[in-house]
Every structure is written in structure tokens, then in C-alpha cells.
Amino acid sequence: MKNSINRTTSKKIIFVFLSIAAIYVLFPILIVCMNSFKSRFYISTEPFSFPTFGNEDSTFVGGLNYTNGIQKIKFFKAFGFSLWITLASTLGILLVSSMLAWFITRVKNKVTSLIYYSLVFSMIVPFQMVMFTMSKMANILHLDNPVGIVLIYIGFGCGMSTFMFSGFIKSIPLSLEEAAMIDGATPPQIFFQVIIPMLKSTAITIAILEIMWVWNDYLLPYLTIGTDYKTIPIAIQYLRGGYGAVDMGAMMAMLVLAMIPVIVFYLTCQKYIIKGVLAGAVKG
């Protein structure tokens, strides 16, 4: 009886704690969405109030902030650059890191060990330590364009993804690959037809993490491709006018539009996150 009461109490405490955490996370998003429909003159003075309707004291402006923001920053052009960079970088990271993880997991020697630990070490190196050298090298190697920055993202993203893929591949019985080899399968066929289908959960988890990172990243695109090819985070910053003037209404509206694709993708694939993280981190 006591154990049952203790479990019930523990569940209530956990529920309260998680509810508070959810409110803490969702509150800023609610504020941004709410203010995206208010006149910019009221956002600074009444940031926590809901839009009001009326003849004289109305703060609700409908979709005006959205249309103004889309026109000012050329949103769809920035959206195109962000979409290309995000999808190409994520697919590149998934392909390169999964192949690399399979190789260094199955081939045991000093070279593969060095590669593995170098990638693990890269996960703890702050980006600020290499950003100026990286931007200079990107300019020298002509990587300061929407195609070149994809290669840079692949380089930065391979550390964590290779680590997670390696952890899961270690749990795959080697006998499956040996059986495929006996049947006449080549190494590429073994990888794409045997290994890849088993990496689905881990791959989706890594894809979610990488998409959230690349889509919202501001510093790397700003240092590499600058203002020639504005991604959404860079374009939104141009709503700041001279002498510190900011069109807060348009900025809030563009932040909402920028959040929607990632939130939709995350909600669609969230069931794979815990499964993929556990598969990649616990094994091996």
C-alpha cells in the first residue's frame, strides 16, 4: 500500500515538474506568436497582453506584419537558400557519417581509431575557436557560396553523427553482413541493403538534431556566405533599421514563419528521438 502511494506521489511530482518545464519552454513561443499579430507600437509597451479589438484602441493588425516582413526581407528567397542548405547538409551528414561509422566500426586498426577519437574530440571544440580560420579558408577554397557551405556543415556535423551511428552499428550482428557476403553481395550492397534499413531510428534522430541546428544557425552562414545569399536567420536581422530602430511586428511574424517547418518536422518524427539516442549512445 505504501509503495502504491509513493508511486502515485512520485508521478504527481514528476507531472507538476514537467508541466512547469513545458510552460517555461512554450511561454516564449506563445509571446512571439501573440505579438506577431499586434501593432509594432504596442509590442514594446504591452508585450504580454493579447491583441485587442476595437475602433480606436485596437492592437490587432491581422496579417499585416507577415506581409510586411515577407516583402522587406524577401522571405521566400531566404527560405529557398535555407531549405537547400539544410536539406543538402543533413543528407550529406547522414550519408558520409553512416558510411564512415560502418567503416571504422568494422575495420579495427590504428588509423580508424585515430579517426574515431578525432571526431569525438571535435564535438567538444567550441566553434568560436575555429570560426575565423574557417571563414578565411572557406574564402580561399571558394566555399563561400550555398554549395560550399554544405561541405562545411558536413565537416562540422560528422562528429556527433558518426559517434551515434557507431554506437548503433556495434550492436548489429556481424553474421548478417557475412550472410549477405556469402550470397554474393558487394560492400556497397551490404551497406545500402542491410545496414541502412537498420539505422532508420538513429538516422531520423540525427536528422532532427542536424536540421534544427542548420536551419536556425546564424553565425556560420554569416561568416561564410555573408549577405550575398541570406538565409532566414540572417535576413531577419535586416529588419533592424538605422539608429537601433526595429520593426518588431515584422520580426515576430518572420520568427513564427521560421519556426513552423522545424516544429512540424520535429512533431512528425519525435517518436524516433529517444529510441535513436538510446540505440546510439548505450550500445558499445
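Just so we're clear, the structure is a prediction, and the values are computed from it rather than from any experiment.

Before going further, it helps to spend a moment on unusual backbone geometry. One non-glycine residue, lysine 74, lies in the positive phi region at around 55°. In this structure, lysine 74 sits in the loop between helix 3 (64-73) and helix 4 (75-106). The phi angle at histidine 142 is positive, at roughly 60°, despite the residue not being glycine. Along the chain, histidine 142 falls in the loop between helix 6 (131-140) and helix 7 (148-169). By relative accessible area, histidine 142 is classed as exposed at 61%.

On to the side chain of glutamate 210. Relative to the helices and strands, glutamate 210 resides in helix 10 (residues 200-216). Despite its burial, glutamate 210 pairs with no opposite charge; the closest candidate is lysine 170, at 18 Å N-O.

Here we come to the nonpolar core. Grouped together as the largest cluster of nonpolar side chains are 19 residues, with contacts concentrated most on Ile73, Ile232, Ile236, Leu239 and Met254. When contributions to this core are tallied by element, the ones reaching two or more residues are helix 3, helix 4, helix 12 (232-237) and helix 13 (248-269). A per-element tally of this core places helix 13 first, with eight residues. Counting 17 residues, the second largest nonpolar core, distinct from the first, contains Leu94, Ala101, Phe165 and Ala180.

The next point concerns the side chain of threonine 224. The topology assignment puts threonine 224 in helix 11 (residues 219-224). Of the polar contacts made by the side chain of threonine 224, one reaches the backbone oxygen of leucine 220; its length is 2.8 Å.

Calculation criteria
Residues numbered from 1 in each chain as written. Predicted model: local features only at pLDDT ≥ 70, side-chain atom pairs only at ≥ 80, totals over all residues. Heavy atoms only, no water. Helix = DSSP H or I, 4+ residues; strand = E, 2+ residues; numbered from the N terminus. Buried < 20%, exposed > 50% of the residue type's maximum accessible area, 1.4 Å probe, protein only. Lys, Arg positive; Asp, Glu negative; His and termini not counted. Salt bridge = Lys/Arg side-chain N within 4 Å of Asp/Glu carboxyl O. Core = buried A, V, L, I, M, F, W, Y, C linked by side-chain atoms within 4.5 Å. Polar contact = N/O pair within 3.5 Å; in protein donor to acceptor, adjacent residues only side chain to side chain.

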